[in-house]
Amino acid sequence: MTSSCDMLVFGGTGDLALHKLLPALYHLHREGRLHPRMRILAVARNSLDRDGYRALAERRCRAQVARADFTSEAWRGFSERLDYLAMDVSQSADFVRLARYLGPDPGCGRVYYLATAPDLFEDIAANLAIAQMANPQSRIVLEKPIGHSLESARAINAAIGKVFDESQVFRIDHYLGKETVQNLMALRFANGLFEPIWRAGHIDHVQISVCETLGVENRGAYYDRSGAMRDMVQNHLLQLLCLVAMEAPVRFDAEAVRNEKVKILEALKPISGQDVRDKTVRGQYSAGKIGGQEVPAYYFEKNVDNDSDTETFVAVQAEIDNWRWAGVPFYLRTGKRLARKYSEIVIQFKPVPHRLFADGEANRLLIRLQPEERISLQLMAKTPGKGMNLEPVELDLNLAKAFSQQRRWDAYERLLLDVIEGDSTLFMRRDEVEAAWQWVDPILEGWHQYYQSPRPYPAGSTGPEQAHSLLELHQRAWHD
């Protein structure tokens, strides 16, 4: 059981809080992971009272939590922790009122979860300081994106740093809380099998794909200012790249792990100028069919400008300029309204040095993050019968089946528990965020400089044709 603390969720009536944070906290409560005296206070502008918020939270949690896991008794106990306060986070007077409402600090500090737009981060931190609600025991959690450029990220980090020490800041990326992502570290650093071949001499290329069938849904206003590069590549995909490529840390703790991730981000070859045309592809979905249902083009989505040139698809050929990975391309891809929803990492090994059999293929390691969590290794095997006819077969580890007796934790459950316990291993450090923006900014500038408009692709397809050409030029193909 964790030590006692209070958690304040700013933006408590938003989708993130109601769809992810509260269900995750409910599960932690149900499994006895939260201290009996821990309180959860949601903060937002909506005019609700405590009972109104509890009713709203129950409706949303019932929809998100598996029926077998949602019981009246567990919810009754969890709802007793829940409270709500309507306030304007831009007004320092409201924070003084908040401090009075909470009463004395519980002794081990409070967790401030900023499930709000990034442009509110600086105001909230400053007002917490004015109301004397920030102390050495406090922790603050920042949701991505941290800014929209290197300059804005530095401004946010500087503002947060005036109030909180870096050790108190938890920059969250929920992909790092996924079981399969953490199993990637176990696969690499707890087994001696792959380490000798986890390098340029044996690996042809790496693919990292995060593909979605959904459009922008109710996030049109945010997404139209952000786009796929800022929303997905700068954080999720680069974090996955770091875990694939990083060297083994000297120990498994926050600073050692994050030191190695920063080295990878700093070793990424810059993509700027003419290289932006050759090594990146922007796309935007047009009208099409998803699951047999007609869906509109991006520019007809709610809260999206009709002449928008925001990208909903990005493909990038990245390279890491270090001893282990020199010459190995890392192909990053993400997009909305694609044919299938899945997230995966593909490690494509080089073929055998001498091709003895006519139909042999190179080995491939597939790490699937969603919808199912599995790791499989493709090997070549002889088919039964006469002759040496080969077919690829898979050594398959299905994590859900391997651990079928245990409930699969949601990423936010694990990360929220880490915040409460003060473990920042799976969170981004300030220099990580800024190093990622330093690589992304020249690509964004190159798109603007060369007027590289998004390539259209039909909803329900695998993305723009140019994304396939990115690999076909080198006799490679996406693992679709």
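From a predicted model like this one, the values you see are computed outputs, not experimental measurements.

This next bit is on the UniProt feature "binding site: NADP(+)" (unreviewed entry) in the protein. According to UniProt, the feature "binding site: NADP(+)" (unreviewed entry) maps to Arg 45, Asp 88, Val 89 and Lys 144 in the numbering used here. Narrowing the list just given to those that line the largest cavity leaves Lys 144. Beyond its immediate sequence surroundings of up to four residues, Arg 45 is in contact with Tyr 84, Ala 86, Met 87, Asp 88 and Ser 90. Structurally, the position occupied by Lys 144 is in the loop between β5 (139-143) and α6 (150-163). Its relative accessible area of 18% is what places Lys 144 among the buried residues. Those residues in contact with Lys 144, other than ones at most four positions away along the chain, are Ile 172, Tyr 222, Asp 231, Asn 235 and His 236. For Lys 144, the side chain forms a polar contact with the main-chain oxygen of Asp 231, separated by 2.8 Å.

On to the side chain of Lys 261. Tracing the backbone shows Lys 261 in helix α9 (residues 254-267). There is a polar contact of 3.2 Å between the side chain of Lys 261 and the side chain of Glu 432. Beyond its immediate chain neighbours, meaning those up to four positions away, Lys 261 contacts Leu 176, Gln 239, Cys 242, Leu 243, Met 246, Phe 427 and Glu 432.

Here we take up α9. Compared with the 20 Å implied by 1.5 Å per residue over 14 residues, the 20 Å span of α9 between its first and last C-alpha is a close match. Among the 14 residues of α9, 10 are classified as buried, and the element is accordingly described as predominantly covered. Contact partners of the buried residues in α9: α8 (220-245), β11 (313-319) and α13 (430-449).

Attention now goes to the packing of aromatic side chains. Tallied over the entire structure, the rule returns 18 aromatic pairs. Considering the side-chain rings of Tyr 223 and Tyr 298, the 6.3 Å spacing of their centres and the 65 degrees angle between planes classify their relative orientation as edge-to-face. With Tyr 223 in helix α8 and Tyr 298 in the loop between β10 (293-295) and β11, this residue pair connects regions lying 75 residues apart in the sequence. Taking relative accessible area as the criterion, Tyr 298 reaches 0% and is therefore assigned buried. Ring centres of Tyr 285 and Tyr 298 lie 5.8 Å apart, and the angle between their planes is 80 degrees; on these two criteria the pair is classed as edge-to-face. In this pair, Tyr 285 sits in strand β8 (residues 280-286) while Tyr 298 sits in the loop between β10 and β11, placing the two residues 13 residues apart along the sequence.

In terms of burial, strand β7 (residues 203-211) is a largely internal element, 8 of the 9 residues being buried. Across 8 bridges, β7 lies against strand β13 (residues 342-349) in antiparallel orientation. Looking across to β13, one finds that Gln 207 is bridged to Val 346. The pairing of β7 with strand β12 (residues 329-335) spans 6 bridges and is classified as parallel. Bridging from a neighbouring strand, Cys 211 pairs with Gly 335 of β12.

In this structure, Phe 10, Leu 22, Leu 98, Phe 330, Leu 365 and Trp 439 are the most contacted members of the largest nonpolar core, which totals 145 residues. Examining the composition of this core, we find that 13 residues originate from one element, α8, more than from any other.

So, about the pattern of salt bridges. If you walk through the whole model with that rule in mind, you get 34 salt bridges. Note that Asp 6 is salt-bridged to Arg 110, the shortest N-O span being 3.7 Å. Of this pair, Asp 6 sits in strand β1 (residues 6-10) while Arg 110 sits in strand β4 (residues 110-114), and the two are 104 residues apart along the sequence. We classify Asp 6 as buried; its relative accessible area is 2%. In this structure Arg 110 comes out as buried when scored by relative accessible area, which is 5%. Here Arg 97 makes a salt bridge to Asp 94, at a shortest N to O gap of 3.6 Å. In this pair, Arg 97 and Asp 94 both sit in helix α4 (residues 92-102), 3 residues apart, roughly one turn of the helix. Three or more residues joined by partner-sharing salt bridges are found here, namely Glu 344, Arg 368, Glu 372, Arg 374, Glu 394 and Asp 396.

The subject of this paragraph is the packing of helix α1 (residues 15-30) against helix α2 (residues 50-64). In a pair of packed helices, the angle between the axes and the distance between the axes together describe the arrangement. Where α1 contacts α2, the two axes come as close as 9 Å, and the packing angle between them is 70 degrees. Put simply, α1 runs roughly perpendicular to α2. For the element pair α1 and α2, the recorded crossing hand is right-handed. Residue-level inspection shows Asp 15, Leu 18, His 19, Leu 22 and Pro 23 of α1 in contact with α2, the latter providing Tyr 53, Leu 56, Ala 57, Arg 60, Cys 61 and Gln 64.

What follows concerns unusual backbone geometry. Here the bond from Lys 144 into Pro 145 is cis, since omega is 0 degrees, no more than 30 degrees from zero. You can see Pro 145 is positioned in the loop between β5 and α6. Residue Pro 371 is reached from Gln 370 by a cis peptide bond, and omega for that bond is 5 degrees. Position of Pro 371 among the secondary structure elements: in the loop between β14 (364-370) and β15 (374-382). A positive phi angle, near 65 degrees, is found at Asn 303, a position not held by glycine.

Turning to the state of the cysteines, a few remarks are in order. The tally for this structure, following the rule as stated, stands at 0 disulfides. Looking at Cys 61, it has no disulfide partner, and the nearest cysteine sulfur is the one in Cys 5, 18 Å off. Relative accessible area serves as the criterion here: at 0%, Cys 61 is assigned to the buried category. Counting only cysteine sulfurs, Cys 242 is the nearest neighbor of Cys 211, a cysteine outside any disulfide, at a range of 20 Å.

What counts and what doesn't
Residues numbered from 1 in each chain as written. Predicted model: local features only at pLDDT ≥ 70, side-chain atom pairs only at ≥ 80, totals over all residues. Heavy atoms only, no water. UniProt positions renumbered as here; feature names shortened; annotations may be inferred. 1 Å grid on protein atoms, 1.4 Å probe; cavity = no way out; pocket = protein on both sides within 12 Å on 5 of 7 lines; lining within 4 Å. Contact = heavy atoms within 4.5 Å. Helix = DSSP H or I, 4+ residues; strand = E, 2+ residues; numbered from the N terminus. Buried < 20%, exposed > 50% of the residue type's maximum accessible area, 1.4 Å probe, protein only. Polar contact = N/O pair within 3.5 Å; in protein donor to acceptor, adjacent residues only side chain to side chain. Expected span 1.5 Å × (residues − 1). Phe/Tyr/Trp six-rings, centres within 6.5 Å; stacked < 30°, edge-to-face > 60°. Pairing = 2+ DSSP bridges. Core = buried A, V, L, I, M, F, W, Y, C linked by side-chain atoms within 4.5 Å. Salt bridge = Lys/Arg side-chain N within 4 Å of Asp/Glu carboxyl O. Axes fitted to C-alpha atoms, helices over the stretch in contact; angles between N-to-C directions. Parallel < 35°, antiparallel > 145°, perpendicular 65-115°, else oblique. Left-handed = near helix turned anticlockwise from the far one by under 90°. Disulfide = S-S within 2.5 Å.

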